[in-house]
Each structure stands twice: as C-alpha cells, then as structure tokens.
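# Coordinate inspection notes
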Amino acid sequence: MAAFAFEQSLNAIQLGLTLFLLTAGLTLTFGFMGVINLAHGSVYMIGAYVLAAVSLRTGSFLIGIAAALLTTGIIGLLLELSLVRRLYRRGHLDQVLATFAVILIANGLTTWLFGRQPIQLDIPSYLSGPLRLTADLSYPKYRAFLIALGVAIAVLLHIVMGRTRVGMRVRAGSTHRELVRALGVDVRGLFALVFGLGSMLAGFAGALIAPLQAVEAGMGDQIVILAFVVIVIGGVGSVRGAFFASLMVGIVDTLGRVVLPFLLKSFTAPAVSTALSIGVSSTAVYLLMAAVLIVRPAGLFAGRA
Amino acid sequence: MGISAVKPHLAFLSAALAIGASVAHAQSPVKIGLITTLSTAGGALGQDMRDAFQLAAKEEGGKLGGVPVDLMVADDGLNPNTAKDIAERMLQHDGIRLFTGIIYTNVTLAIVPDLLRAGAVVIQNNTGPVELDGKNCNPNLFGSAWHGEAPGESAAAAANARNTKQLMTIVPNYTSGLEQRGAFKRGFKGQILDDILVKLNQTDYAAEISQIKLRRPEGIYMFLPGGMGISFMRQLHQADIGDIPMYAATTVSEQVTATVGEAARNVVGSAPWTPDLDNPASRKFVAEFREAYKRTPTVYAANGYDTAKLIGSALAATRGDISNIAAVRKAILAAKFDSVRGKFAFGASQYPVEDWYMTTVSKDASGTYVPHNAGKVLTAHGSPYADQCKF
Amino acid sequence: MIRLIPSTVGLALVIAAIVLLPGVATALHQPFWISIGTRILIVGIAVISLDLVVGHAGLPSFGHAAFFGAGGFTAGILSVQAAADPSSALLQLIGSEAAVSWPLAAAVAGLFGLLFGALALRTRGVNFLMITLAFAQMLYFVFVSLPTYGGDEGVRLRQTQHLFGRDISDPLVFYYVVAAMLIGTILGMRMLMVSRFGRVLASCRQNERRTRFLGYRTDLYLLLAFALSAAGGGLAGALMANHLRYVSPQMMSWFQSGEFLIMNVLGGLASSYGGLLGAAAFIVLHETFLSFTEYWEVVLGIGLLVFVFANPGGLARLLADRR
C-alpha cells in the first residue's frame, strides 16, 4: 500500500511538472506582453508532430527533440513577428479570436499534411520500460525522465529569471510593463525573445509528452484550457506561480481520480459514489480554481514573478 | 494522406443557388443520401465508409444492383445541426428517400427520427443506438453494422473464450462507455475486480494504471475509442504490468495497431468481420480496396461496402423503383447479397444477426503489428431487444 | 465605411428580411431555407444575449455555451419527463407547454448566471475570461457524465412542445414563433440600451472605476446583466432543443462558446441586432466551406484572421450607425 501511495505521488508530481513546462511560457507571454495566446496549444501539437516525423525519419529520438525545439522556436518567432505583434494594442477579445483562428488553421493544416489518424511514435529503448526502485516499487523509466527534465527546467528558469539581466527585465516587465518601457528597455526585442522561448517550451512539452499519448490534430486544445486554469490560479505573469499551481493541479487531479472514488465507495452506495466521484474529479481542477479566486481574485502569486 | 480523391458534393452551395425542384422519373439514377463525418477528429471512420461505398458503385460502373445510382455524399462535421440542415435539403430539395452513412450516435439521434417521420428508409451502417432498438424500432429503419451493445457483448464472449477469470474495466464516463460496459458485464462469466471510470478524452492515465498495477487483474476490458485508447496502451506498456489481454471489441483497428506497435500486442479485439476472413466476397473486397486506396479496409469500410451491396440487392429486386417504400423495405429485409461477412440476416428489430470473431495481434514479416482472426466467439448473434420490437 | 442609414432603418430592413424569408424560400423552391433560417434566428438570440455582457458591459465571457446548454437541457429533460408520464397534469404543464417550460429554461440558465457571475465578477479581464470558460467546462463534464439523461449522446425529445396548447411543430409556424422571440429580444435590447441600466453598463465598459466613484454599485449592475444574458442564452437553448428535437452536451462545449464570441464580434459589439447578422454570416459561411472542402477549418481560420485585422467594427456597423 505504501508503494502504491508513493507511486501515485510520483504520478501527481510528474503530471504537475509536465504541465509546468507548458504553462511557464504561457504565463510569461501573458504577463509580460498582455496577450492571450490560445494558439499555445497548437505549438505544443507541432512539437509533438515534428518529434514523431523526424525521429521516424532519422531513427533518433534526440535528433527529433532537437528538431522539435528548433521548429517551434522558429514558429514562435514568426508568429510573434507577423501576428502577435499586432495584437498587443488590441483588446483581449481580438486576441482570443485571432489566436482561435490560428488554432483552426493549425489543426486544418496538420490534418492535411499528416492525415486524420494519430501517427506512430515510439519511446527509445533506453528510456522504455519500468525502473526498479525497490523490491515492490517500480516506476516507468520515461515518466522518471520527465520528472527529471521538469525539475531541471524549473531550476534553469529559476536561475535565468532570478539571476540574469534578461530574466530581471522579463520579470519586471511581466508585472509592470509600462514602467520597464519607460526605463528605456528595448521591449520589442524582449517580446520576440520571450514569445519564441515560450513557444519553444511548449513545443518541448508537446514533444516530451507525445510518446505517451496519441499524436493527433487538436491534441493541444484541451490541455491549453488546463494551462490557462493553472496560470489563473498561480497568478498571471508569475513563473513561480505557474510552478506551484501546476503542482497543485497535478496533485488535485490525481487525488480526484484515485482517492475520491475509493473514499466514496467506502462510504456510500456504488451507484451514487461512481456518479459523484466522476462528477467531482473531472471538475476538481475547476473547483480548485474557483476556490483560489474567491480568496485571492488575482491568483496566488500575483505581482510576484 | 492528402486531400481525398473525390470531393463531396457541393451540397449546400449548389442547393442554395439552384432554382427549381428536381423531378424524378424512372430513367434517372436513384439518389442515395450519404450523410457522414468526413472532417474533424472522427472523420477517418466516415472516409473509410465512403471510400468502400464508392468502390462498390465503381465496381458496377456507377450502378448498384444493375441500377444507376447517384451517391450524394455530404459531410456533417460531427455537428448535429449541420446534419439536420443537410438532411432537410436532401429530403425537400433533392427528393431523396434512401439514406445511409451516418457514423456517430449524436448525429444519428438528431436526424434519423425526423428522416423516418418523413417516410424515408434509413440504413444505419455503424453502431445502431439502443435508443432506436427494441420497442423504439421502426419498419423503415435497418442496421447493417451491429446493434448498440454488440461490441461489449462480443468482448465478453472473447474473454470467456480465453478463460479469463477476473478483470478490471476501464471506460470513459459517458453513455456509450457505460452502455458497452453494462453489456460486457452481462455476458462476462468471470469476476469484475474493479470498474475504472475516466474523463471523456482524457490523455493521462498514470493514476489509473497504478491502480491496475495494484489489483493485478488477469485482463482488462477497455472501451477507449480513438486517441484515448492509443494513449492508454502506450502508457500501460511502460508500466510493470506484464502481458495481460486487453479486450477492446471494435475499437482497435489495423491502423491503430500499426501506430501503437508493440504496446498493442496484447489487444484482443472482436468484430463481425476481419480483413483476413476467408470467403470469396471478402477476399475480393479486400484486394480491390487495397488496390484502389493503398490501405487495408477497416470494419467500418466493410460495413459501408456491405451496405452498398445490400442496397444494390434491393434495387435489383425492385428494378430501381423506390416509389413503393413497402416493396423497398421487403427487398432490403430479404438481404439477398453476398456479404463480406459470409452469413448475413436481419433480426426481428432489423439489426443484423451475425457471427463475431476475435482477433489477436502479432508482428508480420515487415515488423508491423497486425490483428489476425483468432476464431469465432459468437454465432448468429442478434440484438437482445429484438423481441421487444412490434411493428 | 460610410454609415449610410440610421439604425432604425437598418432594423426595419432586418425585420423585413426575417418576415419575408419563408415566402421567398417557398417561391424559389428552397423550403429547407426555413430550417436554416430558424437555426440562424435561434443562434441570433443567443448571441444578442451574449452581447449584453461582452459588448455593452465590456466583459469578455467565454462561457456562454453553458447557459445555452442549461436552457436546452431543462427544456429537453422536462419534455422527456412529460412524455414518460402522461397522467401527471403538473408534468404535462411544465413539460409539454412551452409557455411554462421556456421561461423555466431561461430562469434555470439565469440562476446559473447569478451563481457563476457572483464568483466570476470578483475578477476582471483575462481572469474573468478564464473563469467563465472554466465554469462552462465544469457544467459540460457534469452533463456528459449524467447517465439518465443521455450523457454524451444527449436527450431526444419525442415531440415539439406546445405553445398555449397549440401544436407548433410545423416548420413554418415554428419559424415565426422563433422570429417573434428574436424580434422581441432585439426590441428589448434597444430599450435596455437607452434605459438607465443600459447607460450604467456602457459607463462600466468605458471605465468601471469611474462609474463606481460616481456612486453606482457596479458589481450589482454587472451581475444583473450577466444573469439576464444567461437567461437569454437559456431561452435560445430551449428553442434549439425544440428545433432539433435533440439536446447534447456539445451545446455546452467551449468550442460553442468560442463560436458565439466570433459571431458577436462578426456582427458588431454593442449593437441590438448585430448578433443576428453575425450568426447568419458565420453559419452560412461555415456550411459553405464545409461543402467545398473537408479542410474547412483552414478556410474559416483564415477568414477569421482577415476579419479581425480588417476590423470593420462588425456587420451591423457596415450597415448602420451605432445602435
């Protein structure tokens, strides 16, 4: 039983960390540039597709990842230069519609290029299979890899944001944009950089998760909503907020799927417990968000990047 | 895959711009309304079905049963509203009285009752919903694929055939999932260790897989269509579970096993038709389909092909005259055609009575994982609600 | 674009078009236009209600589909219950009499609006957007997992509900019933816009803080607007349930909310009949693209982008001045 609990904890952490990869870039874009970018999920999808296509062609997972990073970084830059740049002044509504349009185009183009069936992608053998931790505890190697990477990126971001010049500017800009601009910092260049990096992180997340899921058009759309929920909980613009909120969401979601059905089954009749448990566990994350917003309407770490 | 070879009819625009009603007379081709899903994530099934249907018509040079036909294909975009508008146009403007092609249940329930009310004949060529079975049957409604709960029932038969003594179920929490699971549990002779419910279109199954690991079932019944199943199988493969069969009924096709690879090696599917079925009609169909479309047909394509042949047999019997609906009904009911399934007959509620086979997966010469027919699990299986139907 | 005509003339033209459509359709032997027209009118009601919050009050709501669906399911569930138990007079009254169940559907949706609004209005801007989206998602997942009422496969209505005891299932009759509701909604919106309530909302849209300093309880005004908007969405949902004779949780999906927003912007924000124009344009374009290519999403996306950047202010602005 202890092994089971430990394993579920790892699951929760892994879910949270992978979510963090996706939301870190998004919260920066949001906070720093004030732009709602629904198409962040499309970049996630492109990362997955590039990994699949390239690793199939070259036979190397690592080359595939590198290609995914490069492609999504470039696409992010291009998107910023062509489209997002024009959306800064516009209201949130126009941003939502324009990026919604990008989702439609991205999904349509992906289907045209790759067809409607999910495509093939295998985990490389050195990352495949279970990792034996103790006599009765094993954990999938690939998920352990994801945890390790997630922690590494979190540390990296912490260093970059907290100890470099660029990081400082981005932090300041994400919570006090006008001030930074008034101080003479080249905001436009930073915008492009942040958007490109944010997209690269999203593409990275997509590529990493792809081998465990179905790579298909529209795979980013559901998860981008979850990403926004995380950002709202954590506070817009705050990477630290995104980190803790991601972990919270990972824990709440896993708890909802495991502990809740178990508890309910022990205390109520089966028919009631099943319906109730699914009803609650699928909405648990939203309930969490609602709870946070009642207490702190601006999010947990608002104003503190 | 690229853009499909045949464009769907310019249904909406052409109708909106055209003026004047079409007058049907004996010489003009019989119009068949094919309202199906060609776009969105669920479009692959509709495309398979349409390709097979068109193949059947092409075999006879644009005819079915010797009668020239006009296949009016329209894409509903998995949207009941769009489907309704298409259906209205086909009924009123094009005067179509023979419909088929609908894939998804939400579209079916939105438009089929109205089509029937307007006096048209509808042939359901995918899962026939339970909602329209039993006491809700209609003399003008036929199912040419299978009745609603057949997949779950066949999976249970497969599990019994392989002597699985206990297992866990995992389905998404929505009507189809619960229906299939209910059907499975009715037929399964072993013990259910636990039922897992997941969210519709869930992508991460770590928590559920850990539960499965803890309980150590001998097998899993899974109804996880589309991307859900692929995600689940890939993730299960990474966990330390060992080789346990996954009873998946009709949800895992050759395309899925090829995509998923080794993670699908324990899938035990079930279907009323498999590409390696050994009868002349099936062999001919598979060969022609492969040549025309460069891929192996799925069971959805087979259903489409059989439906086309079924309609052909009815048209042959009525000599292309569909003005007498009662005669058309009778001809369809007779089902005098060479089904790729071998034997084919309608039950009392006009859903098929057919054999079901199970499939197991193995690697072929090129290293691709392919499902193979592993024997019959159900014989002459029909809808459990058939005798509730009283016309 | 030059504003050519005063908005009252624009409105008159729109109403004339609505009234004359069935006649034109029959004359041109295109009777199915009535069905599409009905759908456009119903969606128009939903979008105009959304405009109250998005256009007039200036709050970006991404959860309108929840109210649309709530209204639809209320009407659907009541109708199914009434059909299942013909002996109960009460059930017959609430279930098959539209004059009772449609306002009930609107009320249920309005109640959800009050509930969601009370929480959501603690935030503004993008947080507000996200929280409305999240609430809609919650409702969607709850309804998808309800086994009794069809879950993902939805609820099928045996028959259209009766209005004042009369059968309105004839497509032409139903079209005019819906048209009457739509015209009523437009006129109601116009009255609202010039009323004190409407002016306070407009003031909130421009600068909420200032409005509050002027002494107005802006949170109450916004909450009321949100609830009214929800009720309108619910009414549209009930009408759609009758039109399709089918209700499914897809009505509540975030994609549907997105479509409503698109139609709103397309038709023109803070305009009384812009929502209808937006609905008409979007639906016609969507269907047209769908029949041309299975990659209609790309075409639609490009069209949307072009529209956002060209920013003509919506179709209603193209036609007439503000209002």
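Residues numbered from 1 in each chain as written. Chains lettered and ligands numbered in written order. Predicted model: local features only at pLDDT ≥ 70, side-chain atom pairs only at ≥ 80, totals over all residues.

## Let's talk about the domain arrangement of chain B
All names here are of chain B.
- In terms of domains, chain B is made up of domain 1 (11-148 + 278-353) and domain 2 (150-272 + 355-388).
- Put simply, the middle of domain 1 and the middle of domain 2, counted by C-alpha atoms, are 29 Å apart.
- Opposite the 20 residues of domain 1 that make contact, domain 2 presents 19 residues.
- A per-class count over the side of domain 1 that touches domain 2 returns seven nonpolar, nine polar and four charged. (Domains from an automatic or database assignment. Contact = placed C-beta atoms within 7 Å. Nonpolar A, V, L, I, M, F, W, Y, C, P; charged D, E, K, R; others polar.)

## Side note on the sheet that holds strand E6 (residues 141-143) of chain B
- The strand order across the open sheet formed by six strands is E2-E3-E1-E4-E5-E6 (chain B), and the pairing between neighbours is mixed. Taken across any chain shown, the strands that pair with only one partner, and hence form the sheet edges, are strand E2 (63-64) and E6 of chain B. (Pairing = 2+ DSSP bridges. Helix = DSSP H or I, 4+ residues; strand = E, 2+ residues; numbered from the N terminus.)

## A short note on the interface of chain C and chain A
- Chain C puts 32 residues into the contact, and the matching count from chain A is 34 residues.
- Sorting the residues of the side of chain C that touches chain A by element identifies helix H6 (125-144), helix H11 (254-267) and helix H13 (296-310) of chain C as the ones contributing at least two each.
- In terms of residues, the side of chain C that touches chain A owes the most to one element, H6(C), which gives 12 residues.
- Of the residues belonging to the side of chain C that touches chain A, the class tally is 23 nonpolar, seven polar and two charged.

## Focus on the pairing of strand E2 (residues 137-140) of chain A
- As paired elements, strand E1 (residues 130-134) of chain A and E2(A) share four bridges and run antiparallel to each other. Pairing of Arg132(A) across the sheet is with Ser138(A), part of E2(A).

## Looking at the interface of chain B and chain A
- Listed by partner, the interface residues are 29 residues for chain B and 35 residues for chain A.
- At the level of secondary structure, the elements contributing two or more residues to the side of chain B that touches chain A comprise helix H2 (43-59), helix H7 (206-215), helix H8 (227-238) and helix H9 (254-260) of chain B.
- Taken together, the residues of the side of chain B that touches chain A break down into 11 nonpolar, 13 polar and five charged.

## Thoughts on helix H8 (residues 196-206) of chain C
Residue and element names in this part refer to chain C.
- Residues of H8 that are buried include every one of Gly-198, Val-200, Leu-201 and Cys-204, and no others. Here the buried residues of H8 occupy an arc of 160 degrees about the axis, which is enough to place them on one side. Exposed positions of H8 whose direction lies more than 90 degrees from the buried face are Arg-196 and Gln-206.
- Buried residues in H8 make contact with helix H2 (32-56), helix H7 (171-194), helix H9 (208-213) and helix H10 (218-244). (Buried ≥ 20, exposed ≤ 12 C-beta atoms within 10 Å, placed from the backbone. Arc of directions from axis to C-beta.)

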